Structure formats: C-alpha cells, structure tokens
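# Summary of the model geometry
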Amino acid sequence: MLITSNQSNSELLKTEQLVYAEYKSANLNLDMSRGKPCPAQLDLSQGMFDILTSSTVIKGAQDYRNYGLLDGIPEFKKIVCDLINVQPSELLLGGNSSLNLMYDSVQRAMQFGILGGTPFNKQGKIKWLCPVPGYDRHFAITETFGIEMINVPLDENGPDINFIKAQIKDPAVKGMWCVPKYSNPTGIVYSDSIVEQLATLKPAASDFRIYWDNAYMIHTLEEQDTPLLNILTIAKQNNNADIVYIFGSTSKITFAGGGIAFIASSEKNMSEIKKRMSMQTIGHDKINQFAHYSFFKTSTNIIEHMQKHAKIIKPKFDIVINTLETLLDANIAKWSYPKGGYFISCDLAHGTAKRTIALAKEAGVIFTPAGSTYPYGNDPLDSNVRIAPTLPSLQDLSTAMKVFCVAAKIAYLEKHA
Ligand SMILES: Cc1ncc(COP(=O)(O)O)c(C=O)c1O
C-alpha cells in the first residue's frame, strides 16, 4: 500500500503495524546482509573441478606445482590483461582476495612509504578520500590504520571532482577509495570525464594513490556491459602513471572462496610491490591459476560466463525493485537502478534507516546495518541502506523485501504521525 490514502498518518501507522505483526509471527530467519553469490552462481564454475586430474600436466612457463612466478602464470595473466587492458609487466596475480591486496597496499605505505617517500606512519595525521555511500570493508581498512576519512559526495557520474581537487592540495591526503564500475552500493559507473580527471590529478602529496577497486569490472546485469575508461592508460598518456593501483578478482566470476585476485599499476609501482611481497611469499597458488586458465582459456569465454551470472541474478534485482516500486512512495524511499554489480542502494527518509533495519531484524530479516556504507559507520542523514539481492532465493527475497518495506513505512510514519 502506498501512502496516498485519506487516512491520517497515525491511522496508517496502525494498519502497517498489523501487517508487520503478521510477518513477525511468521518466525522468519532471512539474511540479506552481504553480497555473496548464490549456489547456482557458484555451480557455474563447478566444471573447474573436473579439469585438473592426476594425469594433467600442470606446466607452462615452468612446472606450476613448484615454487616461483611471484606475479602469476603467464596464461592466466594474459586473460586478465585482455579483460582490463594492461600489460603483463603491470599486473600481478595474488591469492583469492583483492581485499587482502588492498589491505597490504595500505599497510605497505604505512610501514615503508611509497617509492622512497616517508612511511605514512611517520608523517603525522594522514587523510583519505572516501566517496559515499561506499564499501564498508574499505572504510574498515583505513579506520584500522587510524587514517582520517573524509566523505566525498558521489553522484551518478562518480565522485565530486571539484571537492577532490580542493582536498588533494593538502599533502596529508594520501589516498582515495574508488569502486568505479557498478559501484558498491549505488551501482553507478564513473563517467569518462571523471575517469580522465582522476587519472590526471596532481596531488600535493607525491605518495597519494587512487585505490581503484574494479571489483565489478565485467559484472553486468544486462546483455551489454557499460564501458569504463581505462584509468591507467590515461594516466600513462599524461605522465601520471604512478597515481593508481587497480584491484580486482574473480571472486564473483568463479568462486568467492577460491578465486584469483590481482593488482595492476605502473611498472615502477609494481616493482616496489613485488620487492616487498617477495618477503611475504615465494608465489601465490599457481595451481588455482592454472585451473582458472584451463577452465576459461580466453577472456571472451569469461565475458560469456558473466552472461550466465546475469541470467541468474537479474530476476532477483527485478524483485527488489518491483517490490520497492509497489510498496513505497518517494517520501519514504528512493533507490538505484543498477545495470551491474551486486547491490541496490536505497535512500530512506532522513532519520529512518536505523529504525527500519532494527524493525526488519526484529521480524527476522537481517539487512546490512544502517550506516555501514559510510566511514565510521556514521551516515549523517541516517538514510542509506545497502540491499544485497544475490544470495537469497527468489521467494525469500520477495518476503524479505516486503518486510523491509513495511519496516520503512512504520519508521517513516512513527516520525510523521
Ligand atoms: C567493492 C568490493 N571490493 C572488494 C570486495 C571483495 O573482493 P575479494 O573477494 O576479491 O576480496 C567486494 C566484495 O563484496 C566488494 O564489493
């Protein structure tokens, strides 16, 4: 029911409370909190387990069962290079987690500095630009290191570039998180103009880096992927190659628990990263890299594989959006219409997000905590909620979203009764 009737808000509140009580008595136990692939998505890559057998020759540039090749096997590197359009010398394949590579990159800068610069932890207070709403685990990394985070407004074209240009005049500003494509959680793709301006930034701090987390680089929900300009190419063309570290992984292509992560950057940055990393490991899991290579063989096959993911998860995004459209009006919520990625971002009436999530929880439906899309868990408007549609079944999703909507209506009406 949309709030368009002639009933007073206190009457409407009573009606919604009755609906809510019914859901509450159903003893639901649903979790919508994290952007995980569903079992059917994981099954798409199950064939990888049939590829390596005791008679497989796990060999190419060398015997991949043995030590070596810190930056990964050339066969799978070529596939990733084709996908993100970088040179093999600019790419390193890591373990299964790009988040781990991001954490290590911040840690490295804190402890050892960047390209001969003073370690961050010897430079006094340092600051980081955080487009909001954004990814909670990014903010958790910078918070862990005691870095002061600055909210950067984000719209459908990307982060506010004039704000960024003003901030980077301060040499204490050392970094910036970006999810440039199908952003977590808003789903936006940075416009060409924003990518170009970011690639050519001239920060006061020579050790400022853009931490370009391209987690959803090919994760379209449609037949046509939305293109994103290649930031490293533009940076190189403008003599600014060292400004960016690019991250990504196959966590949401193959297995979130056993994919391949990567970092890409200028050769200068990469040689520093490899020097430090060679103290941590002799090499990552080349057998998994070989399994991934053997399963896909080409980047084109990976792109086709992503269409199979889209077929599974697009109906889930549709359910969320249809339910929001049917049950909520613009006073209560506005939401994103993503063309890819893993999330729908919902902005509730100011001051109602925490209450909405608490009501949903009381009725047995867990959503990502309100505030978690902001640094320090502090959404100044108490408005943004990240909805993660991929994991639940269609039926659970439908129920969860109905609970979300009734909770949002109650939270709104309580404030406006
Ligand atoms: C923006 C973003 N980056 C990174 C990750 C995690 O990546 P990985 O599995 O490679 O550590 C996620 C997972 O939800 C994400 O949304």
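So, here is what we can say about the structure in this document. (Residues numbered from 1 in each chain as written. Predicted model: local features only at pLDDT ≥ 70, side-chain atom pairs only at ≥ 80, totals over all residues. Heavy atoms only, no water.)

## Things to note about the packing of helix α3 (residues 74-84) against helix α10 (residues 286-296)
At a minimum axis distance of 8 Å, the contact between α3 and α10 shows a crossing angle of 60°. As far as their axial angle goes, α10 and α3 are oblique. Crossing angle aside, the handedness with which α3 passes α10 is left-handed. Of the residues in α10, those in contact with E75, F76 and I79 of α3 are Q289, H292 and Y293. Here the residues of the contact of α3 with α10 sort into three nonpolar, two polar and one charged. (Axes fitted to C-alpha atoms, helices over the stretch in contact; angles between N-to-C directions. Helix = DSSP H or I, 4+ residues; strand = E, 2+ residues; numbered from the N terminus. Parallel < 35°, antiparallel > 145°, perpendicular 65-115°, else oblique. Left-handed = near helix turned anticlockwise from the far one by under 90°. Contact = heavy atoms within 4.5 Å. Nonpolar A, V, L, I, M, F, W, Y, C, P; charged D, E, K, R; others polar.)

## Some words on the packing of aromatic side chains
This structure, assessed with the given rule, holds 15 aromatic pairs. Aromatic pair F49 and F255: ring centres 5.4 Å apart, planes at 25°, arrangement stacked. In this pair, F49 is assigned in the loop between α2 (39-43) and α3 and F255 in the loop between β8 (244-249) and β9 (261-264), connecting sequence segments 206 residues apart. Residue F49 is classed as exposed on the basis of its relative accessible area of 55%. When the ring of W128 is compared with that of W177, the centres are 5.8 Å apart and the planes differ by 45°; the resulting orientation is tilted. Of this pair, W128 sits in strand β3 (residues 127-132) while W177 sits in strand β6 (residues 173-178); the two residues are 49 residues apart in sequence, bridging distant segments of the chain. For W128, a relative accessible area of 0% puts it in the buried group. (Phe/Tyr/Trp six-rings, centres within 6.5 Å; stacked < 30°, edge-to-face > 60°. Buried < 20%, exposed > 50% of the residue type's maximum accessible area, 1.4 Å probe, protein only.)

## Brief notes about the sheet that holds strand β13 (residues 384-387)
Spatial strand order, β10-β11-β13: three strands in an open sheet with antiparallel pairing. In this open sheet, the two strands that pair with only one neighbour each are β10 (333-335) and β13. In this sheet, neighbouring strand axes are inclined to one another by 25° on average, regardless of whether the strands run parallel or antiparallel. Across four bridges, the pairing between strand β11 (residues 344-348) and β13 is antiparallel. Bridge pairing in β13 links S345 to R386. (Pairing = 2+ DSSP bridges.)

## Some details on the site of the ligand
Every residue close to the ligand is listed here: S97, S98, L99, Y135, V179, N184, D213, A215, Y216, S249, S251 and K252. Within the side chain of S251, a nitrogen or oxygen atom sits 2.6 Å from an oxygen atom of the ligand. About the coverage of the ligand: the protein hides 88% of its 400 Å² of free accessible area. Taken together, the residues of the shell around the ligand sort by class into five nonpolar, five polar and two charged. (Near = heavy atom within 4 Å. Polar contact = N/O pair within 3.5 Å; in protein donor to acceptor, adjacent residues only side chain to side chain. Areas by Shrake-Rupley, 256 points an atom, 1.4 Å probe, with all protein chains shown as cover.)

## Brief notes about unusual backbone geometry
Between V132 and the following residue, P133, the backbone shows a cis peptide bond with an omega angle of -5°. Of note, P133 is situated in the loop between β3 and α5 (136-144). Residue P185 is bonded to the preceding N184 through a cis peptide linkage, with omega at 5°. As for its position among the elements, P185 is in the loop between β6 and α7 (192-199).

By themselves, these observations are geometric and do not establish any function.
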